[in-house]
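Structural features, examined
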Amino acid sequence: DVKVTQSSRYLVKRTGEKVFLECVQDMDHENMFWYRQDPGLGLRLIYFSYDVKMKEKGDIPEGYSVSREKKERFSLILESASTNQTSMYLCASSLHTSGKGDTQYFGPGTRLTVL
Amino acid sequence: AQKVTQAQTEISVVEKEDVTLDCVYETRDTTYYLFWYKQPPSGELVFLIRRNSFDEQNEISGRYSWNFQKSTSSFNFTITASQVVDSAVYFCALSEDLNSGGSNYKLTFGKGTLLTVNP
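Below is a summary of the structure that appears in this document. Keep in mind that this is a model prediction, so the values were computed, not measured.

All names here are of chain B. The buried fraction of strand S10 (residues 88-97) amounts to eight of the 10 residues, a majority that puts the element mostly inside the structure. Summarising the sheet, strand S5 (residues 33-39) and S10 pair through six bridges and their orientation is antiparallel. Opposite Trp36, over in S10, you have Cys92 as the bridge partner. Relative to strand S12 (residues 113-118), S10 is paired through three bridges, and the arrangement is antiparallel. Bridge pairing in S12 links Ala88 to Leu115.

See the structure below:
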């Protein structure tokens, strides 16, 4: 079974803090993704990575950065957290086989509250 | 740009009823993939099915079935004899190339349908 884990299920931070969300997958997947999920907006792609040290912007990268130093780990960084970044953050990974046919597997999510 | 529409925001049924979740998509790609995911209250998205654009056969897996109709750009999901454990948010998603080389892609998700199955 594919296992994607996220460092925290719930996180509370203050405005202006630097926040790290960690994601680890144990299936040697090349591709990793970060989404945020908000009521009425569905899932939106923040950043993704197709290889170690490689990153690409998604639909809403502003206010975020990422790091992928090892294949199994993909970190999402909020440089200076703001209240509008209060959301559910979901990490996903996929094995690179057919490209857009690759199935993404998701972690349990981190519910971040910024006060 | 691609688009996925799940017109039903919320559906409420009584256990053992059949229920169909609608998904309509828009794409200019000739080759594409469609997915369904389930998100129970615990929060984790669980993969249910993947379908490519060349395979229009309907699929059945236990109480779940999927009806893919290219002519109407729809990929609907039916749960037969629903159970309380089916209560969740269900997402339909469409894959999209991000560049002409086809090496990068992304999933476009619908906004989801909240299904509540009452005992």
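Turning next to the packing of aromatic side chains. Residue and element names in this part refer to chain A. Applying the stated criterion across every chain, the model contains 23 aromatic pairs over all chains. Relative to Tyr50, the ring of Phe33 has its centre 6.3 Å away and its plane inclined at 85 degrees; by these criteria the two rings are edge-to-face. In this pair, Phe33 sits in strand S4 (residues 31-38) while Tyr50 sits in the loop between strand S5 (42-49) and strand S6 (56-57), placing the two residues 17 residues apart along the sequence. The residues Phe33 and Tyr50 share a single accessibility class, namely buried.

Attention now moves to the interface of chain B and chain A. Chain B puts 25 residues into the contact, and the matching count from chain A is 28 residues. At the boundary of chain B with chain A, total buried surface from both sides reaches about 2,100 Å², with 53% on carbon and sulfur atoms. The interface formed by chain B and chain A holds one salt bridge in total. Salt-bridge contacts for Asp59 of chain A lead to Lys106 of chain B; the nearest nitrogen and oxygen are separated by 2.6 Å. At the junction of chain B and chain A, the tally comes to four residue pairs in polar contact (both at pLDDT 80 or more).

About the criteria used
- Residues numbered from 1 in each chain as written.
- Chains lettered and ligands numbered in written order.
- Predicted model: local features only at pLDDT ≥ 70, side-chain atom pairs only at ≥ 80, totals over all residues.
- Heavy atoms only, no water.
- Buried < 20%, exposed > 50% of the residue type's maximum accessible area, 1.4 Å probe, protein only.
- Helix = DSSP H or I, 4+ residues; strand = E, 2+ residues; numbered from the N terminus.
- Pairing = 2+ DSSP bridges.
- Phe/Tyr/Trp six-rings, centres within 6.5 Å; stacked < 30°, edge-to-face > 60°.
- Contact = heavy atoms within 4.5 Å.
- Buried area = accessible area lost by both parts, 1.4 Å probe.
- Salt bridge = Lys/Arg side-chain N within 4 Å of Asp/Glu carboxyl O.
- Polar contact = N/O pair within 3.5 Å; in protein donor to acceptor, adjacent residues only side chain to side chain.

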